[in-house]
Amino acid sequence: MKEEERKLIEEALGGSQRAYKILTEKHQKSVFHIIIKIVRDTETANDLVQETFMKAFASLSSYRSEYRFSTWLYKIAANCSIDFLRKKKINALSLDQEVETTNGNVTIEIADYSYHPGNELERKEQRYSIEDAIESLPDKYREVIIYRHKDDKSYDEIADLLDIPVGTVKARIFRARELLKMKLKALA
């Protein structure tokens, strides 16, 4: 962990509002990016960003310095988003129940022409194969691939997050892609 960030965390634990503000400003965009990908609503995402920081700072004493602060914070953001979606009630129309109209009750019948079990199974297998291949990568390669392709981070953002040079980020992404090609080719 960067010395500067470690000091900020210590100051925040001591009650420094300035440290809270700096940590929030530093990570706010990344937290928003994670949340918006999950909830897909800007207003809700903004609310959940605030909730994430409130929860993070309330439990800052439980943060363990051997892990990246950003990883710990992003996990809180993802959990806040998932909790929100679980609590959210969806108003849906049941296809099994009759609908009352002015002309009496009617049932809804919708034909499904899109479902092809073979295609669906193939997509699932492919998705799981890719996820398994990514999970099997060494940590340093898995981390950059996830930041680059799942989180849509730029090389500069990844370098900043991992505190490594941009050239190292590019090399790791290249190597990770090569390893993934070999792993996925072996599965084909």
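The preceding data block contains the structure.
What you see is a predicted model, and the numbers here were worked out from it, not measured in a lab. (Residues numbered from 1 in each chain as written. Predicted model: local features only at pLDDT ≥ 70, side-chain atom pairs only at ≥ 80, totals over all residues. Heavy atoms only, no water.)

Novice: When you look at the pattern of salt bridges in this model, what are you seeing that I'm missing?
Specialist: Pairs can form between side chains of opposite charge whenever their charged atoms are close. Applying the stated criterion across every chain, the model contains 11 salt bridges. Here glutamate 3 and arginine 6 are joined by a salt bridge, their closest N and O atoms 2.1 Å apart. Of this pair, glutamate 3 and arginine 6 both sit in helix H1 (residues 3-13), 3 residues apart, roughly one helical turn. Note on arginine 6: relative accessible area 30%, which makes it partly exposed. For glutamate 178, the salt bridge goes to lysine 181, with nearest N and O atoms at 3.5 Å. Separated by 3 residues within a single helix, glutamate 178 and lysine 181 lie in helix H8 (residues 166-187), roughly one turn from each other. Look at glutamate 178 and you get partly exposed, because its relative accessible area is 28%. You can call lysine 181 exposed: its relative accessible area is 53%. Several salt bridges converge on common partners, so that one network encompasses Glu3, Arg6 and Glu10. (Salt bridge = Lys/Arg side-chain N within 4 Å of Asp/Glu carboxyl O. Helix = DSSP H or I, 4+ residues; strand = E, 2+ residues; numbered from the N terminus. Buried < 20%, exposed > 50% of the residue type's maximum accessible area, 1.4 Å probe, protein only.)

Novice: Explain the packing of aromatic side chains here, please?
Specialist: Summed over all chains, the structure comprises 5 aromatic pairs. Ring geometry for phenylalanine 69 against tryptophan 72: centres 5.7 Å apart, planes inclined by 40°, an arrangement best described as tilted. Taken together, the residues span about one helical turn, with phenylalanine 69 and tryptophan 72 both in helix H4 (residues 69-87) at a distance of 3 residues. The exposure class assigned to phenylalanine 69 is buried, which follows from its relative accessible area of 1%. Aromatic ring contacts, followed pair by pair, group Tyr20, Phe53 and Phe57 into a single cluster. Looking at arginine 148, its charged tip hangs above the ring of tyrosine 155, at a distance of 4.4 Å from the centre. (Phe/Tyr/Trp six-rings, centres within 6.5 Å; stacked < 30°, edge-to-face > 60°. Lys NZ or Arg CZ within 6 Å of the ring centre and 35° of its normal.)

Novice: Before we go on, may I ask you to explain helix H7 (residues 155-162) in this structure?
Specialist: Structural remark: α-helix, 3.6 residues per turn; residues separated by three or four positions point the same way. For H7, the set of buried residues is Ile158, Ala159, Leu161 and Leu162. Within H7, the buried residues cover an arc of 165° as seen down the axis, which keeps them to one side. (Arc of directions from axis to C-beta.)

Novice: I would appreciate a short explanation of the side chain of threonine 52 in the present structure.
Specialist: Inspection of the secondary structure puts threonine 52 in helix H3 (residues 42-58). A polar side-chain atom of threonine 52 sits 2.7 Å from the main-chain carbonyl oxygen of leucine 48. For threonine 52, the residues in contact, after removing those within four places along its chain, are Val31, Ile35, Leu73, Ile76, Ala77 and Cys80. (Polar contact = N/O pair within 3.5 Å; in protein donor to acceptor, adjacent residues only side chain to side chain. Contact = heavy atoms within 4.5 Å.)

Novice: What is the right way to read the packing of H3 against H4 from this model?
Specialist: The angle between the axes and the distance between the axes are what describe a pair of packed helices. One can describe the packing of H3 onto H4 by two numbers: an axis separation of 9 Å at closest approach and a directional angle of 125°. Judged on the interaxial angle alone, H4 and H3 are oblique. Crossing geometry of H3 relative to H4 is assigned as right-handed. The residues of H4 that touch H3, namely those facing Thr44, Leu48, Glu51, Thr52, Phe53, Lys55 and Ala56, are Trp72, Leu73, Ile76, Ala77, Cys80, Ser81, Asp83 and Phe84. Residue composition of the contact of H3 with H4, by class: 9 nonpolar, 3 polar and 3 charged. (Axes fitted to C-alpha atoms, helices over the stretch in contact; angles between N-to-C directions. Parallel < 35°, antiparallel > 145°, perpendicular 65-115°, else oblique. Left-handed = near helix turned anticlockwise from the far one by under 90°. Nonpolar A, V, L, I, M, F, W, Y, C, P; charged D, E, K, R; others polar.)

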